[in-house]
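# Survey of secondary and tertiary structure
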Amino acid sequence: MRKEQYECIYLTKQNREEVLKIFEPNIDGEHIFIKEDNDRHCIVEHLGWYRSYYFYNRWYVLGLEDYTWSCYTDEEFKEEFELVEGM
């Protein structure tokens, strides 16, 4: 069994602003902005280039090799990872 440590964040509507600063550090409201926000997700638009979808009440885990965030439901997260506090 291999043990690796990953950075993970649980996104909620209440912590959206804080988490988006991590996911979208260049969000400025003009070129990168929240296009849509509802109870399920928010969509961040990159001025016509692409849109990023962030779903509430989901875990986001930062990959070690490619440095991208992967999304997991609560059930998927519990099957795949063990949460360790305060490392």
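For the structure given in this document, a descriptive report is provided here. (Residues numbered from 1 in each chain as written. Predicted model: local features only at pLDDT ≥ 70, side-chain atom pairs only at ≥ 80, totals over all residues. Heavy atoms only, no water.)

This paragraph deals with unusual backbone geometry. In this model, Leu47 sits at a positive phi of 30°, which is unusual for a non-glycine residue. Structurally, Leu47 can be placed in the loop between β3 (41-46) and β4 (51-55). We classify Leu47 as partly exposed; its relative accessible area is 47%. (Helix = DSSP H or I, 4+ residues; strand = E, 2+ residues; numbered from the N terminus. Buried < 20%, exposed > 50% of the residue type's maximum accessible area, 1.4 Å probe, protein only.)

Attention shifts here to the sheet that holds β3. Strands sit in the order β2-β3-β4 across an open sheet of 3 strands; the sheet is antiparallel. Of all strands in the sheet, those with a lone pairing partner are β2 (32-37) and β4, marking the two edges. Each strand axis lies, on average, 25° off the axis of its neighbour in the sheet, ignoring direction. Sheet topology places β2 next to β3; 5 bridges connect them, and they run antiparallel. The residue of β3 that forms the bridge with Glu36 is Ile43. In the packing of helix α1 (residues 16-23) onto the sheet, the strands contacted are β2, β3 and β4, and the crossing angle to β2 comes to about 135°. (Pairing = 2+ DSSP bridges. Axes fitted to C-alpha atoms, helices over the stretch in contact; angles between N-to-C directions. Contact = heavy atoms within 4.5 Å.)

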